[in-house]
Amino acid sequence: DSGVTQTPKHLITATGQRVTLRCSPRSGDLSVYWYQQSLDQGLQFLIQYYNGEERAKGNILERFSAQQFPDLHSELNLSSLELGDSALYFCASSEGMNTEAFFGQGTRLTVV
Amino acid sequence: AQSVAQPEDQVNVAEGNPLTVKCTYSVSGNPYLFWYVQYPNRGLQFLLKYITGDNLVKGSYGFEAEFNKSQTSFHLKKPSALVSDSALYFCAVRDNAGNMLTFGGGTRLMVKP
């Protein structure tokens, strides 16, 4: 158990809908990262927060947004969902900027 | 921009034989390098890291990795492979600013009895 908790584990929703994925980092970790893992695209970095502030942005679509709250948990919001958004979404957390990141079990999103 | 290349989609090795999973990177400044393993339907598990110091770093489950600055490589190695090592392996790099942990495309390791 990495100590990073993601909910829900599975999500099935229809095209055009909006969903929210939640991540609770390990106790004491200030950095949170979001990644998308599709079958043939490996791990795509979406966005990183550090202590509530956005730190780095990857190839995150405009339909996607995220935030990190004062208690350090983070939410990834996906809207106007398309079939191609079906993927595993991982959250990871790290204590600092240069330490290893620990991953949650992921949320499997299926858009039908 | 930083990047990681894992040139082999799959590596096949017989149980008991040594294994190597290759990784090369590109990053500004000194790299922070990581290896992770992913088992089916699971999240990524941290194996080992190189931050500074000895070029040979040891990690979990008997794995080690060798940092080579001149070749910008960070190959994962194990002296004797186990069937249970079969999984997807990811190399990752972070820049000096501590941002963006960038992953390679992954290498599937198949260890056959």
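Just so it is clear, the model here is predicted, and its values are computed rather than measured. Position labels on residues start from 1 in each chain and follow its written sequence. Each chain gets a letter, beginning with A, and each ligand a number, beginning with 1, in the order they are written. At least 70 in pLDDT is required for a residue's local features to be given in this predicted model, at least 80 for side-chain atom pairs to be given and counted, and no such filter applies to totals for whole chains, interfaces and linings, which use all residues. Heavy atoms throughout the structure, all of them, feed into the side-chain values; hydrogens and water do not.

Q: Help me understand the interface of chain A and chain B in this model?
A: The parts lose accessible area when they come together, and the size of an interface is often stated as this lost area. Note on contacts: a residue pair is in contact if any heavy atoms of the two residues lie within 4.5 Å. The interface of chain A with chain B comprises 22 residues on the first partner and 23 residues on the second. When the two sides are added together, the surface that chain A and chain B hide from each other amounts to roughly 1,700 Å², 50% of it contributed by carbon and sulfur. A simple way to read buried area is as the amount of 1.4 Å-probe accessible surface that goes missing from two parts once joined, with both sides added. On the chain A side of the contact with chain B, L43(A), N98(A) and E100(A) bury the most area, a combined 31% of that side's loss. Salt bridges are defined by distance alone: a side-chain nitrogen of Lys or Arg within 4 Å of a carboxyl oxygen of Asp or Glu. Linking chain A with chain B are one salt bridge, by the criterion used here.

Q: Hey, could you run me through the pattern of salt bridges in this one?
A: When the charged atoms of two side chains lie near each other, side chains of opposite charge can form a pair. Summed over all chains, the structure comprises eight salt bridges over all chains. As a salt-bridge pair, D29(A) and R26(A) come within 2.8 Å of each other at their nearest N and O atoms. With its nearest N and O atoms 2.8 Å apart, the salt bridge here joins D85(B) to K78(B). Across the pair, K78(B) and D85(B) agree in class, each one buried. Ionic contacts of the salt-bridge type, sharing partners, join the residues R63(A), E82(A) and D85(A) into one network. Only protein chains enter the accessibility calculation, which uses a 1.4 Å probe. A residue is then buried if its area is under 20% of the maximum for its type, exposed if over 50%, and partly exposed in between.

Q: Would you take a moment to explain the environment of Q44(A) for this structure?
A: Think of it this way: any DSSP run of H or I at least four residues long counts as a helix, any run of E at least two long counts as a strand, and we number them from the N terminus. Note that Q44(A) resides in strand β5 (residues 42-50). C-alpha separation for the pair Q44(A) and I60(A), spaced 16 residues apart in sequence, amounts to 8.9 Å.

Q: Is there a simple way to think about unusual backbone geometry in this case?
A: Omega for the bond connecting T7(A) with P8(A) falls within 30 degrees of zero, at -10°, which places this linkage in the cis form. Tracing the sequence through the fold places P8(A) in the loop between β1 (5-7) and β2 (10-13). In this model, N51(A) sits at a positive phi of 50°, which is unusual for a non-glycine residue. The topology assignment puts N51(A) in the loop between β5 and β6 (53-57). Given a relative accessible area of 46%, N51(A) falls into the partly exposed group. At Y61(B), a position not held by glycine, the phi torsion is positive, near 55°. Along the chain, Y61(B) falls in the loop between β7 (56-58) and β8 (64-68). Residue classification places Y61(B) among the exposed positions, given a relative accessible area of 51%.

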